[in-house]
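Chain by chain, the residues:
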Amino acid sequence: MTTAVVDRAVQRPTATRAPLGRLLRSELRLVLRRPRTLVVLGLLALVPVVAGVGIAIAADSGALGAEGPNGGGMASLVEGNGLLLPVFSLVIAMTMLLPLVGAMLSADALAGEAANGTLRGLLVAPVGRARLLAVKAFGVAAVTLLAVLLMTVTGTVAGVVLLGGDGMLTISGTTLPFGAGLGRVLLFAALVTFQVWALAAVALAVSAMTEHPLVVVAVALGLVIVSGVLNAIPALDWLTPALITTSWGDLPDVISDPMPTGNLVEGVLRGGCYLVIGYSLALSRMLTRDG
Amino acid sequence: MTGTPGQEGVAAADAAATPLAARTRGLRKVYRGTVAVDNVDLDVPTGAVMGMLGPNGSGKTTTIRMLLGLVTPTRGEIELLGHALPDGAARALPEVGALVEGPGFHPFLSGTENLLRVAAAEPHLTGAGTPAAVRAAVERVGLAHAANRRYRGYSLGMKQRLGLAAALLVPRRLVVLDEPTNGLDPAGTREIRSIMADLHAEGTTVVVSSHLLAEVEATCTHVAVLNQGTVVAQGDLRDLLDAGTASLLVSTPEVESAVDALRDSRIPARSTAEGIRVDLTATTAPEVVATLVRAGVPVHEVRRQRTGLEDLFARLTTAADPDMDDLLVPQETR
């Protein structure tokens, strides 16, 4: 016990905060060590593989062709056109899985830490409140990006291996060379990531207000569902520009040729608005929150 | 402030001799219309072991959370290690170790991994010095054998130790422990006491909250008694122990006539389960006995009793929380 005391000299006696890089690394390590993060990342990585296998089997048995030229929708387009598999998978995941991941990460970031009792440890350390929010936002954003990239990579590999194809057949019927096709896939992944970030920012604001992670997930998914419902009601089309999911359906514009950028840019701006609103709310709540 | 003669003098002397490690003035916290803490003026002298004593819900934890900047007071001032909060929090808090409201850790990480996570946020640690600091802290709280097991599988006592280890990761000027012996067995309680004694010997100021009087009497140099959100007494522990008025315990079969006789002679007395308790502030023991004999009351036994902090605490808090009777066993109820 005495030797332990001798060893314990203050090493940075004048420092008032821990180095940012160390906090970010620690946060990433924490999120990536959390069992449910790993399970969710693993399942997401499997989505394109399962979809690819399914499409390959369906193509072998001729099921897709039987429905006519457009019968299988996007799935039929993917047949023999491997580079579309990651896009197809991300479109499927964007309906519920990826928003769920963003919401879950945000829920664990603040509400989960508060419920654990670990948030006050960070506040007393001290990690400044704005800084803590920045670290948390970074953790959520980085792992969201990782999830989307993971799907993109397994989707591309599974697509090329299972479905083949040395170029990308676009929705417009033209064929892009492999390199340009890959570029489109990455652009699609980036835009999807940004939309999930926007939702995760709103979820983070909720996360800063509660200590029940479930509330965060419920609110975020509720927002997605309600937005979808409101979007589907023609009488409420004046609401459309304000809804978070409005641009999500425009994302497949990326695989048109030539690419119509109007809706995509609008989508990025809309997502940016939600991002700013979400982080602002989160910050204002974080600064006054009782730890 | 009740019944603490000389306290002003002590406080003044302390202020001149030693600066305060923590100081609050007029602290008030209202949670949605409920006043949790009101008008708390707390003085924690540097180097003291200050026990915050009070029943559950008396405002101990709220006060501690305000001291640590976790909660913003509705009104009042806080000075921590010479820095005014909240602006000076970044300067003061790195030198403060805290275990508040029970240990909080990630269940899926081991004890060591949890401490590494805490260490990453400690301004005073370098990355290179972190593993040694974590090892030292784990050894200090006697958790070395379980350091690599998952926190999920820890017993309550092990969790409490890990919380203490986190508070002691870095040498501190002030250590704040909220009910540190909760869930510990007697051996664990002794170890915590010995760690607190070590901290005291190193010159670290310790603030420890407890609802157990024996614990405060065993470990603290100073005490602040809280009741219903306010400080009802504070100061040097010995002064407070001595400050209680002496009393006399009289056993007699004729309780009512005895109390009547004493009250007729303007001697404060009340009947308790043990006998009649007579306040000796304004009178002496022979006079009490003489009064009783004059009135013809048979007296079996007369015992002189000094009211310790226990009695003070019991008097202050019995009515507040019925559960306390079980914990405290104040003389009145036995």
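J.: Break down the overall build of chain B for me, citing the residues and quoting the values.
T.: Each helix and strand counted, chain B has 13 helices and 15 strands in total. Counting only residues that meet the buried cut, chain B has 49% of its 334 residues in that class. Contacts in chain B between residues far apart in sequence, at least 24 positions, make up 70% of those at least 6 positions apart.

J.: Just give me the short version of the overall build of chain A, but keep the residues and values in it.
T.: Scanning chain A for helices and strands turns up 12 helices and 2 strands. In chain A, the order of α-helices and β-strands from amino to carboxyl end is α-α-α-α-α-α-α-α-α-β-β-α-α-α. With respect to the principal axes defined by its C-alpha atoms, chain A has extents near 80 × 50 × 30 Å. The 291 residues of chain A split such that 44% are buried. Counted over contacts in chain A with a minimum sequence separation of 6, partners at least 24 positions apart contribute 78%.

J.: Just give me the short version of the pairing of strand β11 (residues 230-236) of chain B, but keep the residues and values in it.
T.: Residue and element names in this part refer to chain B. Most of β11 sits out of view: 6 of its 7 residues are buried. Pairing of strand β10 (residues 222-227) with β11 involves 6 bridges; the strand directions are antiparallel. Residue pairing for β11: alanine 224 is matched across the bridge by glutamine 234. In textbook terms, the turn of a hairpin is the stretch between consecutive antiparallel strands, and for β10 and β11 this stretch comprises 2 residues, one of which, glutamine 228, has a positive phi near 50°.

J.: I'd like to hear about unusual backbone geometry, residue by residue, with values.
T.: Cis peptide bonds are those with omega within 30 degrees of zero, and the linkage from Asp257(A) to Pro258(A) qualifies with -5°. With respect to the helices, strands and loops of the structure, Pro258(A) is situated in the loop between α11 (213-232) and α12 (262-288). Here Leu85(B) and Pro86(B) are connected by a cis peptide whose omega angle stands at 0°. Secondary-structure assignment places Pro86(B) in the loop between β6 (83-84) and α3 (89-92). With a phi angle near 50°, Gln228(B) is a residue other than glycine that sits in the positive phi range. One can find Gln228(B) in the loop between β10 and β11. In this structure Gln228(B) comes out as partly exposed when scored by C-beta crowding, with 19 C-beta atoms within 10 Å.

J.: Lay out the sheet that holds strand β4 (residues 49-53) of chain B with the relevant residues and their values.
T.: All names here are of chain B. If you walk across this open sheet you meet the 6 strands as β7-β8-β9-β4-β10-β11, and the pairing is mixed. Two strands close off the open sheet at either side, each with one partner strand: β7 (96-99) and β11. Neighbouring strand axes in the sheet, compared pairwise and without regard to direction, differ in orientation by 15° on average. The pairing of strand β8 (residues 174-178) with strand β9 (residues 205-210) spans 5 bridges and is parallel. The residue bridging aspartate 178 from the neighbouring strand is serine 209, located in β9. Along the sheet, helix α2 (residues 60-67) makes contact with β4, β8, β9 and β10, crossing β8 at roughly 150°. The sheet strands contacting helix α7 (residues 186-202) are β4, β8 and β9, and the helix crosses β9 at an angle near 150°.

J.: So what's going on with the nonpolar core? Residues and values would help.
T.: Judged by nonpolar contacts, the single largest core of 163 residues is most densely connected at Leu204(A), Ala165(B), Leu169(B) and Val176(B). In terms of residue count, the dominant contributor to this core is helix α10 (residues 178-209) of chain A (17 residues). The residues contacting Ala165(B), other than those within four sequence positions of it, are Leu115(B), Ala137(B), Val138(B), Arg140(B), Val141(B) and Leu143(B). Judged by nonpolar contacts, the second largest core, of 12 residues, contains Leu262(B), Val278(B), Leu292(B) and Val297(B).

J.: Explain the packing of helix α6 (residues 84-95) of chain A against α10(A) to me, using residue names and the numbers behind them.
T.: All names here are of chain A. The contact between α6 and α10 brings their axes to 10 Å, and the two run at 15°. In this view, α6 runs roughly parallel relative to α10, as classed from their interaxial angle. Of the two possible hands of crossing, α6 and α10 adopt the one that is left-handed. Side by side, α6 and α10 meet where Pro86, Val87, Leu90 and Met94 of the first sit next to Val185, Phe188, Ala189 and Val192 of the second. Its residues assigned to classes, the contact of α6 with α10 comprises 8 nonpolar, no polar and no charged.

J.: Describe the interface of chain B and chain A, with residues and values.
T.: Contact with chain B, which involves 38 residues of that partner, is made by 34 residues of chain A. Elements represented by at least two residues in the side of chain B that touches chain A include exactly α3, β7, α4 (111-120) and α5 (130-140) of chain B. Ranked by residues supplied to the side of chain B that touches chain A, first place goes to α5(B) with 5 residues. Partitioning the side of chain B that touches chain A into residue classes produces 24 nonpolar, 8 polar and 6 charged.

J.: Provide a residue-level description of the packing of α10(A) against α12(A), including the pertinent values.
T.: Relative placement of two packed helices is described by the angle separating their axes and the distance separating the axes. Residue and element names in this part refer to chain A. Their axes nearest at 8 Å, the elements α10 and α12 cross at an angle of 20°. Classified by the interaxial angle, the pair formed by α10 and α12 is roughly parallel. Relative to α12, α10 is oriented so that their crossing is left-handed. Across the interface between the two elements, Leu191, Phe194, Gln195, Trp197, Ala198, Ala201, Val202, Leu204, Ala205, Ala208 and Met209 of α10 pack against Leu264, Gly267, Val268, Gly271, Tyr274, Leu275, Gly278, Tyr279, Leu281, Ala282, Arg285 and Met286 of α12. A per-class count over the contact of α10 with α12 returns 18 nonpolar, 4 polar and 1 charged.

J.: Can you explain the pairing of β9(B)? Please cite residues and give values.
T.: Working note: regular strand, side chains alternate between the two faces of the sheet. All names here are of chain B. By the criterion of burial, β9 is predominantly enclosed, with 6 of the 6 residues buried. Of the two faces of β9, the one carrying Thr205, Val207 and Ser209 and the one carrying Val206, Val208 and Ser210 are both buried. A crossover links β8 with its parallel partner β9, the connecting element being α7, and its sense is right-handed.

J.: Give me α5(B): which residues, what numbers.
T.: Residue and element names in this part refer to chain B. Of all the residues in α5, the buried ones are Ala133, Val134, Ala137, Val138 and Arg140. Buried residues along α5 cover an arc of 160° about the axis, so they all sit on one side. Where α5 ends, the next residue or the one after it, glycine 142, has phi of about 70°, a positive value.

J.: Describe in detail the confidence of the model for chain B, supporting the description with residues and values.
T.: In low-pLDDT segments, the atomic positions of the prediction should not be examined closely. Residues and elements named next belong to chain B. In the predicted model, chain B carries a mean pLDDT of 83, and 85% of its residues have values of at least 70. Segment residues 320-334 is flagged for pLDDT under 50; beyond a separation of four residues in sequence, or across chains, it makes 29 contacts in the model. Our summary of model confidence lists the complex with pTM equal to 0.82 and ipTM equal to 0.86.

What counts, and where the lines are drawn
Residues numbered from 1 in each chain as written. Chains lettered and ligands numbered in written order. Predicted model: local features only at pLDDT ≥ 70, side-chain atom pairs only at ≥ 80, totals over all residues. Helix = DSSP H or I, 4+ residues; strand = E, 2+ residues; numbered from the N terminus. Buried ≥ 20, exposed ≤ 12 C-beta atoms within 10 Å, placed from the backbone. Contact = placed C-beta atoms within 7 Å. Pairing = 2+ DSSP bridges. Axes fitted to C-alpha atoms, helices over the stretch in contact; angles between N-to-C directions. Core = buried A, V, L, I, M, F, W, Y, C linked by C-beta atoms within 7 Å. Parallel < 35°, antiparallel > 145°, perpendicular 65-115°, else oblique. Left-handed = near helix turned anticlockwise from the far one by under 90°. Nonpolar A, V, L, I, M, F, W, Y, C, P; charged D, E, K, R; others polar. Right-handed = clockwise from strand over helix to strand, strands pointing away. Arc of directions from axis to C-beta. pLDDT = per-residue confidence, 0-100.

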